[in-house]
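Architecture at a glance
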Amino acid sequence: MTTETASAVTLPGGEMLAWSDRTDETGDGALAALAARLVPTGARVLLAGPHGPALLDALAHARITCLLRGYPDAAVLADRVDRVLVAGPHGLPAGEEYDVVIAGAGLDAVESVEGERLGWDGLLARLVAAVRPGGDLLLRLDNPLGVHRLVAAQSWYAGRDDAEWTVGGVLDAARPANLEQARERLAAAGMRTGTCYAGYPRPDLTTALLAVDELARRTTSGLFDAVLHAACTDGYTGRFVLADPARLAADALHAGRAADLAPSWLVLARRPAAEPTDPDEEPVDTGDAAHRLPRVDRSEHPSPKVGGSDRLPVALLADATAGGTVVEVRDGPQGWHWHRTGIAVPHAGPDVVHRDPDGPDGPVPDGRLLRSLLLDGCLRRDTALLRRLLRGYADWLDGQAERGQLAGAVARAGVDNVVVDGDRWAVLDRGWRAEAPSPVDVVLARTLWRFATDLLTGGYAHPWTSTLDVAGLTVVLGGVAGRDFDRAVVEAATQPTAATAEPTDPPPGPRSYQQLREAWLRQREENTRLTALLKWTEDLLTSRERALRRAEAKINLLSGSLSYKVGRLAITPARMARRGARAAKRRARAAISAKQGGQQ
């Protein structure tokens, strides 16, 4: 951003003086990485609506104008951008155009209630008019039938918060209800739609952007499977939901519907250029010398299509718990490969870094995720498949070891980070590294314990007895893998977390009512078993007590009989004689000892 003039906040009318649209600071990482690739150096950018600091940092090389509706938000950004307009869409000066317009929070966050309402199409037309010929519009749209809506514990139509003054479902026919309708609206507004991304896991938190076309084509991709599962698990942790969003997203991927059920979409559209002009011609004067379009270099501006080493990424992933680094998956001549952008995602709390920020970029291996294959085998009770997969995984770990030790990415290669393609095994993301080498059996036992925890706490059916606990099921899985584990080995490999997992616990992550119900059913079954065991124990003790009482009664009965009294009279002289013999024996020993002492 330029520093020639001081930043200023402009209030052209329609501002909301007490309203704030502050967003989650961790939600713009993937968008920031995409915008950094789209915006050339020196380009003029309009940020319509609220955006996080990651996007501003990524666009530090551009001239930024922010269009906000809340004055508190403008006061925060005044020193970070060239200009801030606090108004609704009416506040944009007529005829002012930008190289790139970004509405990463959607159109609803642009319109102010202090003024005439334009509606969705009117807002779109106003932003399209602000895109110069040949410029780009990056627009986010919420999906009224996304995963977030399907798993929501609260009804979307019952909201009464201050921000919920618009209808967010399909009832409003004035706004697009699916991606195809959005493309039609953009085409009607004079824009050519290019790449579309599916945003996960929530509309207000997008940590994964996945190309829509690739999602529909690569339904068995281990990469997409792992990304959707991780994003939806982390994004809904601690939230009450009806069903597991990670399971629903993974199933949608395999059915080819992951894009249709995405919580949001990010659409890139380009305004067709005007008639060809002399390339040396000066930029058009808009009437304001301070707002003239600079001559920007478009040679590095990627085409709005996925594919090719110089085009847009297949996926953009941002994880604040993984060191705060945004990672791209690019498509090149050799296939997909990882690329670390260097864009950081701000996050609160302690810095727990599991991903190596300096890890080398490399290819993304093809294949299916091992976790999904194992779950499929468990649900179908396919023990032959489970035996082949688990033994293959154990043998692969042996082949990667040096002197029985595993280091680097392989030491962290659990079932959620390993892909299988026929007889070939590979680590999906080699950016995750262990701090120290570990024995092969320790890595295998730890991986199997985590999978056993997922099986039991997630309520998944499997071909083994239901009375096994996590450690016991881990021992069984180790046997299927051809390893002779015992509980001591499992507990040593999984400390200190092994003691915290019980079969009756709900799975970590989202608080799914379905999974909580399954956990309640498991607890009820366990309570039923313990009740039956307690009843059996009480019956056994009762029977033993009755037998003891009968024995005591017999003893009391016999002690009062004539034969018992005669027996005692016969035994008494013998007892007295035995006592006398013992006393005489003691006296004789004492006399002999005294005599021997006197002779000495």
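What you see is a predicted model, and the numbers here were worked out from it, not measured in a lab.

1. A short note on the overall build of the protein
When helices and strands are counted, the protein shows 16 helices and 19 strands. Counting all 600 residues of the protein, 45% fall into the buried class. Of all intrachain contacts in the protein linking residues separated by at least 6 positions in sequence, the fraction that spans at least 24 positions is 69%. As displayed, the protein offers around 30600 Å² of accessible surface, 52% of which is attributable to carbon and sulfur atoms.

2. Considerations on helix H10 (residues 370-379)
By the criterion of burial, H10 is predominantly enclosed, with eight of the ten residues buried. Those residues of H10 lying buried are Leu370, Arg371, Ser372, Leu373, Leu374, Leu375, Gly377 and Cys378. Of the residues one or two after H10, Arg381 is the one with positive phi, at around 55 degrees.

3. A short note on the sheet that holds strand E16 (residues 418-421)
Taken together, three strands build an open sheet; the order of strands is E14-E16-E17 and the sheet is antiparallel. Each end of this open sheet is capped by a strand with a single partner; those strands are strand E14 (368-369) and strand E17 (424-427). Note that E16 and E17 share four bridges and pair antiparallel. Considered in E17, the bridge of Asp421 is made with Arg424.

4. Quick look at the nonpolar core
Of all hydrophobic cores here, the largest spans 65 residues; its most connected members are Leu137, Leu139, Tyr200 and Leu223. The element best represented in this core is helix H8 (residues 222-235), accounting for seven residues. Not counting residues within four places of it along the chain, the set of residues in contact with Tyr200 comprises Val147, Leu205, Thr206, Thr207, Ala208, Leu228, Cys232, Ala249, Ala258, Leu261, Ala262 and Pro263.

5. Section: unusual backbone geometry
Following Tyr200, the chain continues to Pro201 via a peptide bond in cis, the omega torsion being 10 degrees. Residue placement: Pro201 occurs in strand E7 (residues 192-202). One non-glycine residue with positive phi stands out, namely Arg381, at about 55 degrees. Looking at where Arg381 falls in the secondary structure, it is placed in the loop between H10 and helix H11 (383-400). Unlike most non-glycine residues, Arg403 shows phi in positive territory, near 55 degrees.

6. Observations concerning the pairing of strand E4 (residues 83-87)
The buried count for E4 comes to five of five residues, which makes it a mostly enclosed element. Burial along E4 is two-sided: the face carrying Arg83, Leu85 and Ala87 and the face carrying Val84 and Val86 are both buried. Note: strand E1 (residues 8-13) against E4, four bridges, orientation parallel. In the strand pairing of E4, Ala8 is matched with Arg83. Bridging between strand E3 (residues 63-68) and E4 involves four bridges; their strand directions are parallel. Paired with Leu67 across the strands is Leu85, a residue of E4. In terms of handedness, the path from E3 via helix H3 (residues 71-77) over to E4 forms a crossover that is right-handed.

7. Quick notes on the pattern of salt bridges
All chains considered together, the criterion is met by 25 salt bridges. Here Glu96 and Arg83 are joined by a salt bridge, their closest N and O atoms 2.3 Å apart. Of the two residues, Glu96 is situated in the loop between E4 and strand E5 (98-103) and Arg83 in strand E4; the sequence distance between them amounts to 13 residues. Residue class for Glu96 comes out buried when judged on its relative accessible area of 7%. Of the charged contacts, one joins Asp421 and Arg424 as a salt bridge, the two residues approaching to 2.7 Å between their closest N and O atoms.

8. Some points on the packing of aromatic side chains
Tallying each qualifying case throughout the model produces three aromatic pairs. Measuring from ring centre to ring centre gives 6.3 Å for Tyr393 and Trp425, while their planes differ by 40 degrees; the resulting arrangement is tilted. Here Tyr393 is found in helix H11, whereas its partner Trp425 is found in strand E17, with 32 residues between them in sequence. The buried category is assigned to Tyr393, whose relative accessible area is 1%. Here a set of aromatic residues connected by ring pairs shows up, and it is made of Tyr393, Trp396 and Trp425. The ring of Trp336 has Arg218 lying over it, and the distance from NZ or CZ to the ring centre is 4.1 Å.

Parameters and conventions
- Residues numbered from 1 in each chain as written.
- Predicted model: local features only at pLDDT ≥ 70, side-chain atom pairs only at ≥ 80, totals over all residues.
- Heavy atoms only, no water.
- Helix = DSSP H or I, 4+ residues; strand = E, 2+ residues; numbered from the N terminus.
- Buried < 20%, exposed > 50% of the residue type's maximum accessible area, 1.4 Å probe, protein only.
- Contact = heavy atoms within 4.5 Å.
- Areas by Shrake-Rupley, 256 points an atom, 1.4 Å probe, with all protein chains shown as cover.
- Pairing = 2+ DSSP bridges.
- Core = buried A, V, L, I, M, F, W, Y, C linked by side-chain atoms within 4.5 Å.
- Right-handed = clockwise from strand over helix to strand, strands pointing away.
- Salt bridge = Lys/Arg side-chain N within 4 Å of Asp/Glu carboxyl O.
- Phe/Tyr/Trp six-rings, centres within 6.5 Å; stacked < 30°, edge-to-face > 60°.
- Lys NZ or Arg CZ within 6 Å of the ring centre and 35° of its normal.

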